[in-house]
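Okay, here's what each chain looks like letter by letter:
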Amino acid sequence: MALRKIVEIGDAKLRKVCKPQEKFDQRLRILLDDMAQTMYKANGVGLAAPQIGILRRVVVIDVGDGLIELINPVITETEGSQSGPEGCLSVPGRSGIVTRPNKLHVKAQDAQGNEIEFDAEEFFARAVCHELDHLDGVLYVDKMDEEIFDDDEDEEYEDEEEYEEEDEEDEQ
């Protein structure tokens, strides 16, 4: 297992449509292990192969219920909607509000090539959508309803307003 370098926004690999994973071999197992280790080290809840420069339809997710490995995943049904905050390991220092389906049905393959199906709801559904978007060259910033600014930035801005008000008072 090895940590991989996470590709950041601006790198063309993040905008490519990934190819299906056809071989279910030791190289895939190593890739999945490296992706999981990289995701955990970066404190993420998901990582798609293009985020480490591999243009294959491979994703790992752990929203707190254990690691899920998805090969060639497809969302087959959606229901409802939810809006909430998202960030991305490939878009450091930014976050935003994104609207996504609240419930999903997903078909994929596991690391051995066996077909799997499952339902995802709420935060898990959000994570699945986010990671699967990466496989099609889409980033959350493309779907963002609004950007969220860090409280520290807001405080700095408020401080600037106070200084501007003080300057105006001094000029009078």
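Just above sits the structure.
These figures come from a predicted structure and were not determined experimentally.

Enquirer: Describe in detail the sheet that holds strand β4 (residues 82-88), supporting the description with residues and values.
Expert: With respect to topology, 3 strands assemble into an open sheet ordered β4-β5-β8, the strand pairing being antiparallel. A strand with exactly one partner marks an edge of an open sheet, and here the two such strands are β4 and β8 (144-148). Pairs of neighbouring strands in the sheet enclose a mean axial angle of 30°, with direction left out of account. Direction of pairing for β4 relative to strand β5 (residues 91-100): antiparallel, over a ladder of 6 bridges. The residue bridging P85 from the neighbouring strand is I97, located in β5. Of the strands in this sheet, β4 and β5 touch helix α2 (residues 122-135), which is tilted by about 50° from β4.

Enquirer: Which residues make up the sheet that holds strand β2 (residues 58-61), and what are the values?
Expert: In space, the 5 strands of this open sheet follow the order β1-β2-β3-β6-β7, with antiparallel pairing throughout. Two strands in the sheet have a free side with no partner beyond their single neighbour: β1 (46-48) and β7 (115-121). Here the average twist between neighbouring strands, direction ignored, is 35°. As paired elements, β2 and strand β3 (residues 68-79) share 4 bridges and run antiparallel to each other. Following the sheet pairing, V58 is matched in β3 by I71. Relative to β2, helix α1 (residues 26-41) is tilted by about 40°, and along the sheet it contacts β1, β2 and β3.

Enquirer: So, the nonpolar core: which residues are in play, and what are the values?
Expert: Within the largest apolar cluster, 17 residues are counted, with the highest numbers of intra-cluster contacts made by V59, I61, L104, F118, A120 and V128. For this core, the secondary-structure elements that each account for two or more residues are β2, β6 (103-109), β7 and α2. A total of 7 residues in this core trace back to one element, the largest contributor, which is α2. L28, M39, V58 and A111 belong to the second-largest nonpolar core, a separate cluster that totals 12 residues.

Enquirer: If you had to explain the side chain of H105 to someone new, which residues and values would you point to?
Expert: When you line up the elements, H105 lands in strand β6. With near-sequence residues (within four places) excluded, H105 lies in contact with V74, I75, T76, E77, E117, F118 and D119.

Enquirer: Break down the environment of D133 for me, citing the residues and quoting the values.
Expert: Within the secondary structure layout, D133 lies in helix α2. For D133, a relative accessible area of 13% corresponds to the buried category. Distance from D133 to V17, taken between C-alpha atoms, is 9.4 Å for residues 116 residues apart in sequence. With residues up to four places along the chain from it excluded, the contact list for D133 reads R100, V138 and K143.

Enquirer: I'd love a proper account of the pairing of β7, names of residues and values included.
Expert: In terms of strand pairing, β6 meets β7 through 7 bridges, oriented antiparallel. Paired with H105 across the two strands is D119, which belongs to β7. Following β6, the chain reverses through 5 residues before pairing antiparallel with β7; G113 in that reversal takes a positive phi of roughly 95°.

Enquirer: Could you give an account of a negative patch on the surface, with specific residues and numbers?
Expert: A cluster of like negative charges, contributed by E77, E115, E117, D119, E121 and E122, occupies part of the molecular surface. Here the element with the most residues in the negative patch is β7; it accounts for 4 residues. Structurally, E121 can be placed in strand β7. Judged by its relative accessible area of 44%, E121 is partly exposed.

Conventions we followed
- Residues numbered from 1 in each chain as written.
- Predicted model: local features only at pLDDT ≥ 70, side-chain atom pairs only at ≥ 80, totals over all residues.
- Heavy atoms only, no water.
- Pairing = 2+ DSSP bridges.
- Helix = DSSP H or I, 4+ residues; strand = E, 2+ residues; numbered from the N terminus.
- Axes fitted to C-alpha atoms, helices over the stretch in contact; angles between N-to-C directions.
- Contact = heavy atoms within 4.5 Å.
- Core = buried A, V, L, I, M, F, W, Y, C linked by side-chain atoms within 4.5 Å.
- Buried < 20%, exposed > 50% of the residue type's maximum accessible area, 1.4 Å probe, protein only.
- Patch = residues over 30% accessible without salt bridge, like charges linked within 9 Å, V, L, I, M, F, W, Y side chains within 5 Å.
- Areas by Shrake-Rupley, 256 points an atom, 1.4 Å probe, with all protein chains shown as cover.
- Salt bridge = Lys/Arg side-chain N within 4 Å of Asp/Glu carboxyl O.
- Lys, Arg positive; Asp, Glu negative; His and termini not counted.
- Charge placed at Lys NZ, Arg CZ, Asp CG, Glu CD.

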